[in-house]
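Structure assessment
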There are 2 protein chains.
Amino acid sequence: MSDLKNASKLVIAPDPEGPDLTRKVEGIDQRGLPLSSQVVEERPLTLYLNSREIVTNMTIGDYPELLAIGFLFNQGMLESGADLKAVQFDAEVEAVSVHTHSKTRYDDKMERATRTSGCAVGTVFGDMREGLRALPVVAESVRTSWLYSLSHQINQMPSLYLSAGAIHGTVLCEGDQPLVYMEDVGRHNAVDKVAGWMVRENVGGADKLLYTTGRLTSEMVLKSVRMGIPVLVSRSGFTAWGVDLAREYGLTLIGRLRGQRFICLSGAERMVFDASLSGGAGEDRS
Amino acid sequence: MSDLKNASKLVIAPDPEGPDLTRKVEGIDQRGLPLSSQVVEERPLTLYLNSREIVTNMTIGDYPELLAIGFLFNQGMLESGADLKAVQFDAEVEAVSVHTHSKTRYDDKMERATRTSGCAVGTVFGDMREGLRALPVVAESVRTSWLYSLSHQINQMPSLYLSAGAIHGTVLCEGDQPLVYMEDVGRHNAVDKVAGWMVRENVGGADKLLYTTGRLTSEMVLKSVRMGIPVLVSRSGFTAWGVDLAREYGLTLIGRLRGQRFICLSGAERMVFDASLSGGAGEDRS
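Quick caveat, the model's predicted, so the values are computed rather than measured. All chains use their own residue numbering, which begins from 1 and follows the written sequence. As a convention, the first chain written is A and the first ligand written is 1, with the rest following in written order. With the structure being a predicted model, the display of local features is reserved for residues of pLDDT at least 70 and the display and counting of side-chain atom pairs for 80 or more, all residues being used for whole-chain, interface and lining totals. Processing note: side-chain calculations cover all non-hydrogen atoms of the structure and skip hydrogens and water entirely.

Observations regarding the overall build of chain A
Definition in use: Here a strand is any run of E in DSSP of at least two residues, a helix any run of H or I of at least four, and the numbering for each starts at the N terminus. Here's how the labels work: a residue is buried when its accessible area is under 20% of the maximum for its type, exposed when over 50%, partly exposed in between, all with a 1.4 Å probe on protein chains only. Here the accessible surface of atoms and residues is derived via Shrake-Rupley with a 1.4 Å probe, and residues count as covered only by protein chains that are part of the display.
Secondary structure assignment for chain A yields nine helices and 14 strands. Of all 286 residues assigned to chain A, the portion counted as buried reaches 59%. Of the accessible surface of chain A, which amounts to about 11,300 Å², a share of 50% is contributed by carbon and sulfur atoms.

A few points about the interface of chain B and chain A
Here is the rule we go by: Residues are treated as being in contact if the distance between any of their heavy atoms lies within 4.5 Å. Computed with a 1.4 Å rolling probe, the buried area is the accessible surface lost when two parts are put together, summed over both parts. Only one rule defines a salt bridge in this text: a Lys or Arg side-chain nitrogen within 4 Å of an Asp or Glu carboxyl oxygen. What qualifies as a polar contact is a pair of N or O atoms within 3.5 Å, subject to a donor-acceptor requirement within protein and to the restriction that residues adjacent in sequence count only when both atoms come from side chains. Under the grouping applied here, Gly and all other residues not named as nonpolar or charged are polar, the nonpolar ones being Ala, Val, Leu, Ile, Met, Phe, Trp, Tyr, Cys and Pro and the charged ones Asp, Glu, Lys and Arg. Between any two strands, pairing holds if DSSP finds at least two bridges.
Opposite the 65 residues of chain B that make contact, chain A presents 65 residues. In total, about 4,900 Å² of surface goes out of reach between chain B and chain A, with carbon and sulfur atoms giving 58% of it. In this assembly, chain B and chain A are joined by two salt bridges. Counting every contact that joins chain B to chain A gives 20 residue pairs in polar contact (both at pLDDT 80 or more). In the side of chain B that touches chain A, the residues fall into 32 nonpolar, 19 polar and 14 charged. Bridging between strand β13 (residues 261-266) of chain A and strand β1 (residues 22-29) of chain B involves two bridges; their strand directions are antiparallel. Counted as the bridge partner of Cys-264 of chain A is Ile-28 of chain B from β1 of chain B.

What to know about the relation of the copies chain B and chain A
Short version of the rule: Copy-to-copy alignment: least squares on C-alpha atoms, limited to residues at pLDDT 70 or above in both.
Superposition of chain B onto chain A requires a rotation of 180° combined with a translation of 0.0 Å along the rotation axis, giving an RMSD of 0.0 Å. Here the symmetry operator amounts to a two-fold rotation axis. When the interface residues of chain B are mapped onto chain A, 100% of them again fall at the interface, so both copies present the same face.

So, unusual backbone geometry
Here the phi dihedral of Glu-94 of chain A falls at roughly 55°; this positive angle occurs in a residue that is not glycine. Look at Arg-256 of chain B: it is not a glycine, yet its phi comes out positive at around 50°. Secondary-structure assignment places Arg-256 of chain B in strand β12 (residues 252-258).

Quick notes on the packing of helix α8 (residues 218-226) of chain A against helix α9 (residues 240-249) of chain A
Residue and element names in this part refer to chain A. Definition in use: Whenever a helix is involved, its axis is fitted only over the stretch in contact; in every case the axis is a line through C-alpha atoms, and angles between N-to-C directions fall within 0 to 180 degrees. Just so you know how the angles are binned, under 35 degrees is roughly parallel, over 145 roughly antiparallel, 65 to 115 roughly perpendicular, and the rest oblique. Less than a right angle of anticlockwise turn of the near helix away from the far helix marks a crossing as left-handed, whereas a clockwise turn marks it as right-handed.
At their nearest, the axes of α8 and α9 sit 8 Å apart, and the two run at 20° to each other. Between α8 and α9, the crossing angle belongs to the class labelled roughly parallel. Crossing handedness for the pair α8 and α9: right-handed. Between α8 and α9, the residues in contact are Ser-218, Val-221, Leu-222 and Val-225 and Trp-241, Gly-242, Leu-245, Ala-246 and Tyr-249, respectively.

Remarks on the pattern of salt bridges
This structure, assessed with the given rule, holds 24 salt bridges over all chains. One salt bridge connects Glu-41 of chain A with Arg-23 of chain A, and the closest N-O pair in it is separated by 2.9 Å. Of this pair, Glu-41 of chain A sits in the loop between β2 (34-40) and β3 (43-49) while Arg-23 of chain A is found in strand β1 (residues 22-29), placing the two residues 18 residues apart along the sequence. Among the charged side chains, a network of salt bridges with common partners joins Arg-23 and Glu-41 of chain A together with Asp-244 of chain B.

A few points about the sheet that holds strand β5 (residues 84-90) of chain A
Residues and elements named next belong to chain A. Judged by pairing direction, the sheet is mixed, and its four strands sit side by side in the order β4-β3-β6-β5 without closing on themselves. Only two strands of the sheet have a single neighbouring strand rather than two, namely β4 (52-59) and β5. Averaged over all neighbouring strand pairs, the angle between strand axes comes to 20°, with direction disregarded. In the sheet, β3 pairs with β4 via seven bridges, with the strands oriented antiparallel. Considered in β4, the bridge of Leu-45 is made with Asn-57.

Considering the sheet that holds strand β5 (residues 84-90) of chain B
Residues and elements named next belong to chain B. With mixed pairing, four strands are arranged side by side in an open sheet as β4-β3-β6-β5. Two strands bound the open sheet, and with one partner strand each, they are β4 (52-59) and β5. The average angle at which neighbouring strand axes cross in this sheet is 20°, direction not considered. For strand β3 (residues 43-49) and strand β6 (residues 95-100), the ladder comprises four bridges, and the chain directions are parallel. The residue of β6 that forms the bridge with Tyr-48 is Ser-97.

Re helix α9 (residues 240-249) of chain B
Those residues of α9 of chain B lying buried are Ala-240, Gly-242, Val-243, Leu-245, Ala-246 and Tyr-249 of chain B. Structurally, α9 of chain B contributes buried residues whose contacts are with β1 and β2 of chain A together with α8 (218-226), β12 and β13 (261-266) of chain B. Positive phi shows up at Gly-250 of chain B, right after α9 of chain B, with a value of about 70°.

A short note on the confidence of the model for chain A
All names here are of chain A. Rules: For every residue, the pLDDT score states the predictor's confidence, bounded by 0 at the bottom and 100 at the top.
The predicted model of chain A averages 88 in pLDDT, with 86% of residues at 70 or higher. Taken as a whole, residues 1-6 scores under 50 in pLDDT and shows seven contacts with residues more than four places along the chain or in a different chain. Segment residues 112-124 is flagged for pLDDT under 50; beyond a separation of four residues in sequence, or across chains, it makes 28 contacts in the model. Interface confidence for the predicted complex, expressed as ipTM, amounts to 0.85; the pTM equals 0.89.

Here we look at the pairing of β6 of chain B
Residue and element names in this part refer to chain B. Buried residues dominate β6, accounting for five of its six residues. Taken together, the six bridges between β5 and β6 define a ladder with antiparallel strand orientation. Within the sheet, the bridge partner assigned to Phe-89 lies in β6 and is Val-96. Linking β5 to β6, which pair antiparallel, is a turn of four residues; within it Glu-94 sits at a positive phi near 50°.

And the structure:
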């Protein structure tokens, strides 16, 4: 296999040895005997946009600037990396401060929200569909052999998931190559960190594939559409509305990728079934 | 076993046959052949408190009133069921409207927030610790035999998880008896629906145990403390901060309950190790 070659293409890999990302926790087992366990950290990170407090996310704590940029982008509060004036992380107060060149659409949104119904959390998160457009369809742009290769590489790669568990992973891929592999206690954070990297590095999504360990909910589908990534893949299941939205925006949605099995729920016209399949193999659905 | 007796004590059970909770979705499999799948629904539900928009949650859609009440209670925006004046669900606009007798603490919070930094999502979700008190310790109040019995009953009980997957469950238990078993696409919603039931029915948490399928994060620990439930159990893992908070508030925290194995991370003084253990049995951690 070409795992070694592929691994070297990784721009950001998981960091299971990162000293601030896990901690040893002592407990007792079912016999009452001491048992210690390596456990992922979880920290609050408060995000300010142009000196206004936006949200406090619970995160593992790596890449706080990318998480901030990606969150703002995926919520439609930031249009592009060119609009970023400054992004500063302050570890002491556990906050990221983002300043933009232009007045953001969020400022307008907030003024309107304040005028009408006062502060509304729902306003912030309810507008995720605003400005979203259907993804262009390029036929034969995804190969089943890539899915199997990516799944194999991602499952084998050293990660916090393998060493500590209780964490979600999201991987930006190109062809059969993983490029950016983010992990976080919240799967929305892992995706937002990938988005933050794309925005900061000005990397487009049209030729990419997004792999996630978490369920394919409406939120995950909308984020993938926002990031312009036409293919979203998960080893886990999906919700009915997630499928509806994927069809509406022309996203190729693939769930329950286990062994050789998967189900493609939307956008099958992009797929090429080029992998040779063993008889009745594959793992059970979950 | 006493499963049948126990099952009959259930006040709220999962409803895997609920016609509005799942839907058949068509896709294609790895061979390009048609494959249909029963999938859970996911719907937006907007919550209004005293005519002010608070949040839009993504939910499977059952028990919207209990979700609203439990969310407000767990966020510290509602003190008790006695303060509820009216709770109305409007299916047409997918919203729940809650009115309270007294001006809520949230009104004060919002006015303050509006005066200082404008609208702040973080303000709403950041104050979860306000007013929380440590849980009283009653020695020998949890038996390992109960944990195994509950785990067995919950895993065997017909549920949306077993029939469709992609969903989390949370079960309020008393001794070795499941009482209220809620499921939702978001595990915070499943817990909030349990809390809503407790608040509406004026049921205290001191003699209860909370079982959840999801990870034991800071949010889950704080909700359990808010609900006054001294024991929180999961088949999944946990975060380091979740463990810190459990210790701070005196919560008995038990993770990775699989087969006969588990790890107790906090509050072991409540436990009685009364179950007989088979040799090296138990399932692997995950």
